[in-house]
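One letter stands for each residue in the lines below.
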Amino acid sequence: MRIVPLHRPSRAASAVACAALLAAGLAACGGSDGGGGSGSDKDPVTVEVTFKDGEVTPSGDRVELAVGQELDLEVTADEPGTIHVHSDPEQELEYPQGTKTFTLDFDRPGQIEVESHDLDVVIAQLEVR
Amino acid sequence: MIEAHGIGGQSDLPIPLELAVSGAVAALVLSFTVLVVAWRRPRYAGPDGIAGGRPVPAALSAVVLSPYTRVGLRVLGFVVLLFAVATAVAGVDQLTNPFFGIVYIWLWVGVAFASLLLGPVWKAISPVRTITDLLHRATGGDPEHGVRDWPTWLGVWPGALGLYAFVWLELVYDGRDTLADVRLWFAVYVAVMLVGGAVFGSRFHQHADPFEVYSTMVSRLSPWAVVDGRVVVRSPLANLATTPPSPGLAAVVGVLFGSTAFDSFSGSTFWLKAVYDAPVHATVMYNLGLLVFCLVAGLLFAVGSSLTPVGKDLQRSRLPRLLAHSMVPIIAAYIVAHYLTFLVDYGWQTLARASDPFGKGWDILGTAGLTPGYWFSYHPTLLATIKVLAVVTGHVTAAVAAHDRAIRLLPARHQITGQLPLLFTMVGFTAGGLYLLFSA
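Just so we're clear, the structure is a prediction, and the values are computed from it rather than from any experiment. (Residues numbered from 1 in each chain as written. Chains lettered and ligands numbered in written order. Predicted model: local features only at pLDDT ≥ 70, side-chain atom pairs only at ≥ 80, totals over all residues.)

Chemist: Mind laying out the nonpolar core, listing which residues take part and the relevant values?
Modeler: Residue and element names in this part refer to chain B. With 107 residues, the main nonpolar core has Leu163, Val252, Val253, Val255, Ile331 and Ala332 as its most contacted residues. If one sorts the elements of this core by residue count, helix α17 (residues 380-409) sits on top with 15 residues. What isoleucine 331 contacts, discounting residues up to four positions off in sequence, is Val253, Leu256 and Phe257. (Core = buried A, V, L, I, M, F, W, Y, C linked by C-beta atoms within 7 Å. Buried ≥ 20, exposed ≤ 12 C-beta atoms within 10 Å, placed from the backbone. Helix = DSSP H or I, 4+ residues; strand = E, 2+ residues; numbered from the N terminus. Contact = placed C-beta atoms within 7 Å.)

And the structure:
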């Protein structure tokens, strides 16, 4: 897995993720400027997730995050599917074929698994401190 | 498939490395301190002795032992059983169904914690025991011994097997969060318990009910005992020493420690990558992983305890079961460390879900609005410290228990050196447990 600082957050993706989070009852969403405003002034962390030919990278990597720090999951896939984020409450991220970025943040410290249930694989474990 | 415990989402952060190392070093140093400074004459009873204790106030003792309390607890257990059956049969097939929380948290984790504090809780509330009891009373039989004697050689082996079946359901089986599958597991459990209870009476539950074997085993770390019809309070070590050395006790130890360790290990990056890269299906890997962890834990203990030198009058093969009780504090401490937040947060959440048993938006208990506070999540350093303290305390208790039994069993010339193999095994278990709390 490559973790790179993100320069320009995708506004549309943030909005979608926010809507998903709000729907799930989680109120900790980033501000309308797509960054900051959510309790952490650290740069967002980007994780590139690639689904190709029934395989996924990364598989099982640890990602360290601060509480409130944004995580941008940049999903590139050769067919649509769902990513499961085992936070409380759980979140389902539906990604299309192509590339889509999901912006998440977490307001409670702990370890959170990001899984593909289709492939039975833990993509990453988030260590939120 | 890989969802932890089949329930709940977010889990604890790993404990910091410094704490894990300090804990392991403390365990090592304290072990040898125990060996050197502890008493040289056995202080606690052998497995068949009933050492005394300080009686609690007579009124309290009378209340605890009164038939009303006994029947009340049985009714409580039965009501929860009926409730669980209703949710299992008429509830929705989602994790919001309280059935999952009732079996995976209240029964599996809650009963163990309660037994640690209060004594043999499952024996007191077990609905399958209640049915066996009523059946034999109704037919004029003997509720304790049934129609056949429980074979002594079998000991608690069936209990160990039942525990393995449960941890397999919890940690390995794909359908652990599918209502029909968990319901089937428990239907088989109840059926086996009822048939066994009809034949062997409550002796069967004592040896073959996985939850009772587990609950009664850890209950010996509680400070309570009943001596001469009176509730007494005494050292948990005195209680622990009365553990019957049944055949299969070492296997119970292996399954409980091995499975909890595997539950931690299966969250490690190493394991996740190994499963991903393996040429076989993940299910095969999980099956192998659980089996290997339980076998290794059981065999390590068996070997470590068998290396203890003995006099001519004691068979070496009896050593594991004569010393197995000393592993209970290590297991209990590790289970506390592993499950504490899980029990507090999701036990609470289950109470909320139980208020709406069929997913119809009801609030029959008035608890539907409860939400877990996740207090420990926000105090990760405190939580990690509690875990390490629990593990070190458990380790020291175990070392003392093993020491007391060793000086009872060992010939005088081996009393100190003879303890070393088991002591090293225990340090290994404790350090291994701490490593898993750090890495997973």
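Chemist: I'd love a proper account of the interface of chain B and chain A, names of residues and values included.
Modeler: If you look at the interface, chain B gives 17 residues, while chain A gives 19 residues. The biggest single contributor to the side of chain B that touches chain A is helix α13 (residues 269-277) of chain B, with four residues. Tallied by class, residues from the side of chain B that touches chain A come to nine nonpolar, five polar and three charged. (Nonpolar A, V, L, I, M, F, W, Y, C, P; charged D, E, K, R; others polar.)

Chemist: Lay out the environment of glycine 146 of chain B with the relevant residues and their values.
Modeler: Residue and element names in this part refer to chain B. Mapping glycine 146 onto the fold places it in the loop between α6 (127-138) and α7 (157-171). Sequence spacing of glycine 146 and histidine 136 is ten residues, and the spatial spacing of their C-alpha atoms is 7.2 Å. In this view, glycine 146 contacts His136, Gly141, Ala198, Val199, Phe200, Gly201, Arg203 and Phe204; residues no more than four positions away in its chain are not counted.

Chemist: Lay out the packing of helix α1 (residues 17-37) of chain B against α17 of chain B with the relevant residues and their values.
Modeler: All names here are of chain B. Contact pair α1 / α17: the axes reach a minimum separation of 9 Å and the direction vectors enclose 20°. Taken together, the axis directions place α1 and α17 in an arrangement best described as roughly parallel. In this structure, α1 meets α17 at a crossing whose hand is right-handed. Where α1 approaches α17, its residues Leu19, Gly23, Ala26, Ala27, Leu30, Ser31, Val34 and Leu35 are matched on the opposing element by Ala384, Thr385, Val388, Val391, Val392, His395, Val396, Ala399, Val400 and His403. Tallied by class, residues from the contact of α1 with α17 come to 13 nonpolar, five polar and no charged. (Axes fitted to C-alpha atoms, helices over the stretch in contact; angles between N-to-C directions. Parallel < 35°, antiparallel > 145°, perpendicular 65-115°, else oblique. Left-handed = near helix turned anticlockwise from the far one by under 90°.)

Chemist: Describe the confidence of the model for chain B, listing the residues and the values that go with them.
Modeler: All names here are of chain B. The predicted model of chain B averages 92 in pLDDT, with 97% of residues at 70 or higher. For residues 1-6, every residue scores under 50 in pLDDT, and the model assigns this stretch 18 contacts once sequence neighbours within four places are set aside. Across the whole predicted complex the pTM is 0.89, and at the interface the ipTM reaches 0.83. (pLDDT = per-residue confidence, 0-100.)

Chemist: Break down α6 of chain B for me, with residues and values.
Modeler: Residues and elements named next belong to chain B. Taking 1.5 Å as the rise per residue, α6 with twelve residues should run 16 Å; its terminal C-alpha atoms sit 16 Å apart, in good agreement. By the burial criterion, the buried members of α6 are Pro127, Val128, Arg129, Thr132 and His136. Looking at the buried side of α6, the elements it contacts are α3 (67-90), α5 (121-125), α8 (179-200) and α9 (202-208). Trailing α6 by a residue or two, glycine 140 shows a phi angle of about 75°, which is positive. (Expected span 1.5 Å × (residues − 1).)

Chemist: Describe the sheet that holds strand β4 (residues 61-65) of chain A, listing the residues and the values that go with them.
Modeler: All names here are of chain A. Across the sheet, five strands lie side by side as β4-β10-β9-β6-β7; this open sheet has mixed pairing. Looking along the sheet, the strands with just one partner apiece sit at the ends: β4 and β7 (91-95). Neighbouring strand axes in the sheet, compared pairwise and without regard to direction, differ in orientation by 20° on average. Looking at chain direction, strand β6 (residues 81-85) and strand β9 (residues 110-116) are connected through three bridges and run antiparallel. Across the sheet, valine 85 pairs through a bridge with valine 114, a residue of β9. (Pairing = 2+ DSSP bridges.)

Chemist: Got a sec to walk through the pairing of strand β10 (residues 121-128) of chain A? Specific residues and values, please.
Modeler: Looking down a regular strand, the side chains alternate between one sheet face and the other. Residue and element names in this part refer to chain A. When you tally the buried positions in β10, you get seven out of eight residues, the bulk of the element. Here β4 runs beside β10; their pairing, made up of five bridges, is parallel. Across the sheet, the residue bridging to valine 63 is leucine 126, located in β10. Inspection of the sheet shows β9 paired to β10 by seven bridges, in the antiparallel sense. Bridging from a neighbouring strand, glutamate 113 pairs with glutamine 125 of β10.

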